Amino acid sequence: MMKDKKVLVFGMARSGIAVAKLLLLKGAEVYVCDAKAEADFDGALDDLKAAGAKLCLGEQHPEGLLEGMDALVISPGIPVEHPAVVRAKALGIEVMGEVEYAYREATGLLMAITGTNGKTTTTTLLGEIFKNAGRRTFVVGNIGTPYSGAVPQMKPGDVTVCEISSFMMETSAQFHPSVCAVLNISEDHLNRHGTMEKYIALKERIFENCAGDDCVVLNWDDPVTRDMANRVHCRVAWFSSRNPVPFGAFVQDGKIVYGTPQDCKPVCEVKEVYIPGEHNLKNALAATAMAMAAGIPAPVIRHTLRTFKGVEHRIEFVRELDGVRFINDSKGTNVDSTIQAVRAMDRPTVLILGGYDKHTDFTPLCEEILKCPISRIVLIGETAKQCEQTLEKVGYHAWTHAGYEFKKAVELAFEQANPGGSVLLSPSCASFDMFKDYEERGRIFKDIVNAMESKKA
């Protein structure tokens, strides 16, 4: 497909490095471009260089490199409005994302999941279901493992479970999962996409090529995803934690069931689902619907729901010190996600809130905080002042500023927490004002917490 073609890869984070390696493996002449200098990569590009990739680093204007290229492959962090993308299209050069190219070279069954929240938990859970069913399974995409990195190991009969972001769908064309899901939609990434209408349209692109026996799984309880069924051209299976659905996974008499209200198969008792909270019940229902649509037996799904313990950085218990429980929810990068986290708190909790500005309205979260056992809030990062103003507006005054000093924020939260209480990191914001990504933020939080000593000493 790309053999002997000249391809420029723009953006050399994890997915850019992975797709460049795949292109080289497939016989392309590969040029890699990034605004950072080679020294900034600390050897991460050495293998690419040794394999013959031509490095164009420290390049602020990659549009000047496009002449003679057959394709431009961009990382998810590169918006389609970037001058290099606009120039490539004007020159008639095909532009695609890392996920789009990986799909074209991949084999086996593709399952894909998008939505605003719950993607990583549902993707990981579904991957575990397939693994427990004895299928060779790759869990990739926005979850942190690039799709391109798994492609060279794939064989017919393998399964790929791919977490998809709206950024990845900006450049989709042929991407075509056999089963996909849109979990929910709430305000997010408006700094990139501008309007909710554009954001929703990008989420819908996950199923634009689905037809015939393909299956699209949608959330019956979310009015936005419910409306998406009007634009689906294949089977639809629903999931709901609150209502029976025409067909899909729902709760009946305390059990997760699959089918119709008149003819359904029991899968698992709701109380047996290991991961707590209604948001995780929804994730379990979505994964159940996808697995059943792909023919996985109910006993395998039941076993996985009973034993799956969740994912790192999502309402993750870290440790207890002096009777204070520390919870890492660094993956809480938007308002709706943090709402789910504060709702899950069952004891007085000090919340660490704030970060990179995604042009979000914090009012729904601040109103929810008034209903939850949030005893105090430590504000951090770029959005601290906005969060403060919104908290004041709804009548919540128990906040403290820690600026950009993350260790100070964690220590302040511990000082203000009481025995029998919790400290919750759920920033409701991206991390880019202080960290490389939410994973680094979560790891540093855990490092700080695990190094803490008792206040009683």
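Everything here concerns the structure above.
Please read all numbers here as calculations on a predicted model, not as lab measurements.

Q: Describe the nonpolar core, with residues and values.
A: V9, L23 and Y147 are the most contacted members of the largest nonpolar core, which has 54 residues in total. With six residues, helix 1 (residues 14-25) is the largest single contributor of residues to this core. Contacts of Y147, omitting those with residues within four sequence positions, involve E98, V99, A102, Y103, A106, L110, V140, G141, M154, T160, C162 and F175. M111, L126, I256 and A293 belong to the second-largest nonpolar core, a separate cluster that totals 39 residues.

Q: Report on empty space enclosed by the protein, specifying residues and quantitative values.
A: This structure, assessed with the given rule, holds one cavity of 30 Å³ or more. Taken as a whole, the largest cavity encloses approximately 70 Å³ of empty space. Forming the boundary of the largest cavity are 13 residues, of which P76, G97, F167, M168 and T171 lie nearest the centre. Elements that contribute at least two residues to the lining of the largest cavity include exactly helix 4 (98-105) and helix 7 (166-169). For the lining of the largest cavity, a count of residues per class yields seven nonpolar, three polar and three charged.

Q: Requested: an account of unusual backbone geometry, with residues and values cited.
A: Phi angles above zero are rare outside glycine, and D42 is one such case at about 50 degrees. Position of D42 relative to the elements: it lies in the loop between strand 2 (29-34) and helix 2 (46-50). Backbone geometry at H359 places phi at a positive 60 degrees, although glycine is not the residue there. Inspection of the secondary structure puts H359 in the loop between strand 17 (349-353) and helix 14 (363-369).

Rules and cut-offs
Residues numbered from 1 in each chain as written. Predicted model: local features only at pLDDT ≥ 70, side-chain atom pairs only at ≥ 80, totals over all residues. Heavy atoms only, no water. Core = buried A, V, L, I, M, F, W, Y, C linked by side-chain atoms within 4.5 Å. Buried < 20%, exposed > 50% of the residue type's maximum accessible area, 1.4 Å probe, protein only. Helix = DSSP H or I, 4+ residues; strand = E, 2+ residues; numbered from the N terminus. Contact = heavy atoms within 4.5 Å. 1 Å grid on protein atoms, 1.4 Å probe; cavity = no way out; pocket = protein on both sides within 12 Å on 5 of 7 lines; lining within 4 Å. Points joined across faces, edges and corners; volume = space filled by probe spheres on them. Nonpolar A, V, L, I, M, F, W, Y, C, P; charged D, E, K, R; others polar.

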